[in-house]
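# Coordinate analysis (summary)
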Amino acid sequence: GAGVSQSPSNKVTEKGKDVELRCDPISGHTALYWYRQSLGQGLEFLIYFQGNSAPDKSGLPSDRFSAERTGGSVSTLTIQRTQQEDSAVYLCASSAALGLAGGSSYNEQFFGPGTRLTVL
Amino acid sequence: AQSVSQHNHHVILSEAASLELGCNYSYGGTVNLFWYVQYPGQHLQLLLKYFSGDPLVKGIKGFEAEFIKSKFSFNLRKPSVQWSDTAEYFCAVMYTGNQFYFGTGTSLTVIP
């Protein structure tokens, strides 16, 4: 597709259940990021993938959160045993390349529409 | 830990007024700087970015931002706002290690 897509757009779940959120990045983009946006908060970095390198998981808030990226394309963010404080919009972004010294097209992140997660 | 601060949480302006939104970041060596905008009901999209060179960068829709290294600032400006500029604005910084840090956002409301 032309942009980053995410599914589902909305997810309502009960406390304690597991959820999976999906992100389809722009074709050919090697970098993929997950963020969490809570009401009144900025974007909280969760995890990023760059090509075949080990992901940077330093932003994951707890071990209930995990993410995979299969075949360097689609990514799934999994939240186990959801809690009410997990309620937020989860955003995915992809980028063509990374590198502080890169050219003008480097590092620009293209965002998906997000998944709004509500934990009851 | 690195951080990005946006001091204006909510700004209300009349059309044609000038806009300046502050953004400061913590020191971390070489950085790339961004402003993103989120219009109501839409995705986050890039307004402008700074990598190197001229510290005054121009973006879409008449926005510009100036990188002042000595002040660790990257303030967003627009000489004359329009009602259609009503949106949430996020400053973002990329440090070495490729991790992005976003500010908490500034909500801009432009009154016609």
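Everything below is about the structure printed above this text.
## Focus on the overall build of chain B
- If you tally the helices and strands in chain B, you get zero helices and 12 strands.
- Tracing chain B from N to C terminus, the helices and strands come up as β-β-β-β-β-β-β-β-β-β-β-β.
- Taken against the 2.2 N^0.38 rule, which gives 13 Å for 112 residues, the C-alpha radius of gyration of chain B at 13 Å falls within 12% of a compact globule.
- Over its C-alpha atoms, taken along the principal directions, chain B stretches across nearly 40 × 25 × 20 Å.
- A burial count over chain B gives 49% of its 112 residues as buried.

## Here we look at the nonpolar core
Residue and element names in this part refer to chain B.
- Counting 29 residues, the largest nonpolar core has Trp35, Leu48, Phe74, Leu76 and Tyr89 as its most contacted members.
- Looking at this core, the elements that each hand over two or more residues are strand S2 (10–14), strand S3 (19–21), strand S5 (32–38), strand S6 (44–50), strand S8 (64–68), strand S9 (73–78), strand S10 (87–94) and strand S12 (106–111).
- Of the residues forming this core, the biggest block, four residues, is contributed by S10.

## Remarks on unusual backbone geometry
- In this chain, Ser7(A) is followed by Pro8(A) through a cis amide linkage whose omega measures -10 degrees.
- Along the chain, Pro8(A) falls in the loop between strand S1 (5–7) and strand S2 (10–13).
- With a phi angle near 80 degrees, Ala16(B) is a residue other than glycine that sits in the positive phi range.
- You can see Ala16(B) is positioned in the loop between S2 and S3.
- Ala16(B) sits in the exposed class, given a relative accessible area of 54%.
- With phi around 60 degrees, Lys61(B) is a residue other than glycine that occupies positive phi space.

## As for the state of the cysteines
- Per the counting criterion, the structure on display carries two disulfides over all chains.
- Covalently, Cys23(A) is tied to Cys92(A) through a disulfide, its sulfur atoms 1.8 Å apart. One quick way to see it: the torsion about the S-S bond of Cys23(A) and Cys92(A) is about -65 degrees, and its sign makes the bridge left-handed. Of this pair, Cys23(A) sits in strand S3 (residues 19–24) while Cys92(A) is found in strand S8 (residues 88–95), placing the two residues 69 residues apart along the sequence.
- A relative accessible area of 0% means that Cys92(A) is categorised as buried.
- Cys23(B) shares a disulfide with Cys91(B); S-S distance 1.9 Å. One quick way to see it: the torsion about the S-S bond of Cys23(B) and Cys91(B) is about -65 degrees, and its sign makes the bridge left-handed. A residue pair is termed long-range when its members are at least 10 positions apart, and Cys23(B) in the loop between S3 and strand S4 (24–25) and Cys91(B) in strand S10 qualify at 68 residues.
- Under the relative-accessibility criterion, Cys23(B) is labelled buried at 0%.

## Digging into the pairing of strand S7 (residues 75–79) of chain A
Residues and elements named next belong to chain A.
- Counting buried positions along S7 gives four out of five residues, so the element sits mostly inside the fold.
- Here strand S6 (residues 65–69) pairs with S7 via five bridges, running antiparallel. Bridged to Glu68 within S7 is Thr76.
- Between S6 and the antiparallel strand that follows it, S7, lie five residues; Gly71 among them carries a positive phi value of about 60 degrees.

## Things to note about the packing of aromatic side chains
- Evaluation of the coordinates by the stated rule reveals 20 aromatic pairs over all chains.
- Between Tyr33(A) and Tyr35(A) the ring centres are 5.9 Å apart and the planes differ by 10 degrees, which places this aromatic pair in the stacked class.
- Accessibility expressed as a relative area gives 0% for Tyr33(A), which makes it buried.
- These aromatic residues form a ring-pair network of at least three members: Tyr33(A), Tyr35(A), Phe45(A), Tyr48(A), Phe111(A), Phe34(B), Tyr36(B), Phe51(B), Phe100(B) and Phe102(B).

## With respect to the sheet that holds S3(A)
Residues and elements named next belong to chain A.
- Pairing is antiparallel across the open sheet formed by four strands, whose spatial order is S1-S3-S7-S6. The strands lining the two open edges of the sheet, one partner per strand, are S1 and S6. Here the strands of the sheet are splayed against their neighbours by 15 degrees on average, with no regard to which way each runs.

Parameters and conventions
- Residues numbered from 1 in each chain as written.
- Chains lettered and ligands numbered in written order.
- Predicted model: local features only at pLDDT ≥ 70, side-chain atom pairs only at ≥ 80, totals over all residues.
- Heavy atoms only, no water.
- Helix = DSSP H or I, 4+ residues; strand = E, 2+ residues; numbered from the N terminus.
- Rg over C-alpha atoms; globule rule 2.2 N^0.38 Å.
- Buried < 20%, exposed > 50% of the residue type's maximum accessible area, 1.4 Å probe, protein only.
- Core = buried A, V, L, I, M, F, W, Y, C linked by side-chain atoms within 4.5 Å.
- Disulfide = S-S within 2.5 Å.
- Pairing = 2+ DSSP bridges.
- Phe/Tyr/Trp six-rings, centres within 6.5 Å; stacked < 30°, edge-to-face > 60°.
- Axes fitted to C-alpha atoms, helices over the stretch in contact; angles between N-to-C directions.

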